[in-house]
Every structure is written in structure tokens, then in C-alpha cells.
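The lines below spell out each chain.
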Amino acid sequence: MIRRRSLLTFAGLGGAALTLPGAATAHAVPSPVPTPTAAAGPGPIDLPGPTVRRTVGTVSLRLVDQDRQDPFAPAPGPRELMVQLWYPATGTAGRARAAYTTARVAAVLERSAFLDPGTFGRLRPTARVAAPPVPGALPLLLLGHGRKGGRSNCTALAEELAAHGYLVAALDHTYDAAAVEFPDGRVALSVLEDEPADWDAAERKEIAVRTADLRFVATELTTGRTLRRHTGLPCADPGRIGVLGHSMGGAAAAEAVRQDRRFAAGLDLDGGLFGSPVPDEGLDRPFLLFTALDDHDTWRRWREVHNTVRDTSKGR
């Protein structure tokens, strides 16, 4: 059976995700890392494109939750997030191909993974920046990254889902993600410890913050507040919301479904159900555990709860 530490080690292996060594101690300060110089020689690397022929657009947003203090920030202040949207678009005329991530974030990832500078700059997604969205309200899918990962980790998956007609909103969970760059150039690095003294307490805190992030973004994208501040964005359908995530993002997706009935369904990609009562209480809406890994204690407990519920209902 896969142990907690082994499972979390896999957190960065989806897509081009990375598990970064060591506890990052730098805080959100203006431009803490240099802009890298692109590596000469090797050509671009195209990410797998959507399996359906449909144009995909993307745009990134800075969202601030003024009603919530950031428990990870080095100084008191509201919770600040970067969110990237992928969506079906009507065309790509005059729209540049999107970058995989920003140059400063790429530099952090490359140094941590001992890659040549410019490696991540060679990755080429399919989506086009700020391509005009299709009209009408789209079903919304919130997408969370693994522990110390980032919103770009599941880019190909997000583009695939968008090509099938979904509005996908991928979050950078600030101070959890390896590196988050804000529009003014500040870069916030992860402050999470690789080996917390108390794993249970750390996971409860991380999942609580991630779940609150997911619920806040769902509200921002479905109430019109974000649309009023940013023109030309796709419209989300408040009656059709799902949530999914990789590794710790999958655990947060499960807890979000447990807490918030707006989430009609959820999906966990290779994630133990850490930091929440879900393994012992179960869920009352569809939730898929999808993994190529061995079994895990939290998955076993979750199955036992659901089997008990089914057996009880059959006996009535």
C-alpha cells in the first residue's frame, strides 16, 4: 500500500509538474529571480493538442479575496490568487500562442529540477491568448495542482476539456505552488515544508486553504463580479460546476464537494484523501478516484464507507 510520503512525492509527476526539493523561504517580493535567457539549439516542444478540432482560448486573472486573510503570507493581507482560464473560442485571428508559464516561474522550476535555462520556454501549448470566447454560459470546472506544483502542470488536460466545451479555471494556490508570478512582477514561492513535524496538522491547514480558494473562485466566476472587472471573459454557468485536481488538488476537490453543494461532481487524479473527513464520512454526489498507483489507506476507508451505505440502502 502506498504511504503518505510516497504518494506526495508523486505530486509533481502529472504533465510537466515538478516536485521541488527543500522548503522555500523566499516571500512575495518584486522580481526575486532573474529573467532567464532562452537556451539555444533545441527547438520547441508542442504539448499534445486536444483530440477534437475546436479552438481554445486562455487568459490569466489576479483575484483577491478581501474577506479572508492569507494564513501563509509573510505579512498580514488578503488572500491573493492567480487563476488561468481555458475555454472554447470562436477564432484565433491575431491571437498569440500561449506560453506554458511565465519566464520567472520557469526559472524557478528549471533551477529546482536542474534543467537548462529556457527549457520550459520551449513548451508550446495549443491555446491562444485572449481569443474571443463562444457565446453563452459554459459548464465550469475548477482544477487544482499537486502539492508545490502549479497551475500549468495540467495544461494539456485543461485544453482538452476546454475543447470539449468546458470553462476550465486552474488555480495557483499561493505559497503552496512552487512559484506564482503576479501581474506587477512579484513572485511568491512555496513556503510548505517537505517534511512537516505534524503531517496531519499540515494537511488539514493546506486542504482548508485550498478548499476556501476553490469556493472563492467559483463565486467570483459565477456571480458576475469578475466579469464586471474584466471584459471579454467567458461566462460560467452557476448551475453546472465540477471540481478536479491532481494529488493534493484531488484531496481538496473532495473536500470542496463535501462542503459546497454547488459542486455537482468531482475527480481526484492520484490523490490521497488527506486533510478532511471525506474518507470516513463519504460524499453524497458523484466523485471519481482515478489512479495508476497502488492502493492507499484513505481510498480504502472511503470505499468502506460507500460500500456500507450501499449495503444499508439495499436492506431497506
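Quantities reported herein were computed from a predicted structural model and do not represent experimental measurements.

## Let's talk about unusual backbone geometry
The bulk of non-glycine residues show a negative phi, and the bulk of peptide bonds are trans.
Right, on to step 1. A positive phi is found at Lys148, a non-glycine position, where the angle reads about 60°.
Right, on to step 2. Among the structural elements, Lys148 can be located in the loop between β7 (137-144) and α3 (155-163).
Right, on to step 3. Phi at Asp270 is positive, roughly 60°, even though this residue is not glycine.
Right, on to step 4. Note that Asp270 resides in the loop between β12 (263-269) and α7 (278-281).

## A word on the side chain of His145
Right, on to step 1. Its location among the elements puts His145 in the loop between β7 and α3.
Right, on to step 2. Overall, His145 belongs to the buried group, its relative accessible area being 3%.

## So, the packing of helix α4 (residues 199-222) against helix α6 (residues 248-259)
The angle between the axes and the distance between the axes are what describe a pair of packed helices.
Right, on to step 1. Contact geometry of α4 with α6 gives a least axis separation of 9 Å together with a crossing angle of 65°. When you trace α4 past α6, the crossing you get is right-handed. Contact residues: α4 offers Glu203, Glu206, Ile207, Arg210, Thr211, Leu214 and Arg215, while α6 offers Met248, Gly249, Ala251, Ala252, Ala253, Glu255, Ala256 and Gln259.
Right, on to step 2. Each residue belonging to the contact of α4 with α6 can be placed in one class, and the counts come to 7 nonpolar, 3 polar and 5 charged.

## Observations concerning the nonpolar core
Right, on to step 1. Val83, Leu85, Leu140, Leu142, Val217, Phe263 and Phe287 are the most contacted members of the largest nonpolar core, which totals 40 residues.
Right, on to step 2. Only β3 (56-69), β4 (78-88), β7, β8 (167-172), α4, β11 (235-246), α6 and α8 (297-314) provide two or more residues apiece to this core.
Right, on to step 3. If you tally residues by element for this core, the top one is α6, at 7 residues.
Right, on to step 4. If sequence neighbours within four positions are ignored, Phe287 has contacts with Gly250, Ala253, Ala254, Val257, Gly266, Leu267, Asp268, Leu273 and Trp302.
Right, on to step 5. Counting 13 residues, the second largest nonpolar core, distinct from the first, contains Trp86, Ala163, Ala170 and Leu244.

What counts, and at which threshold
- Residues numbered from 1 in each chain as written.
- Predicted model: local features only at pLDDT ≥ 70, side-chain atom pairs only at ≥ 80, totals over all residues.
- Heavy atoms only, no water.
- Helix = DSSP H or I, 4+ residues; strand = E, 2+ residues; numbered from the N terminus.
- Buried < 20%, exposed > 50% of the residue type's maximum accessible area, 1.4 Å probe, protein only.
- Axes fitted to C-alpha atoms, helices over the stretch in contact; angles between N-to-C directions.
- Left-handed = near helix turned anticlockwise from the far one by under 90°.
- Contact = heavy atoms within 4.5 Å.
- Nonpolar A, V, L, I, M, F, W, Y, C, P; charged D, E, K, R; others polar.
- Core = buried A, V, L, I, M, F, W, Y, C linked by side-chain atoms within 4.5 Å.

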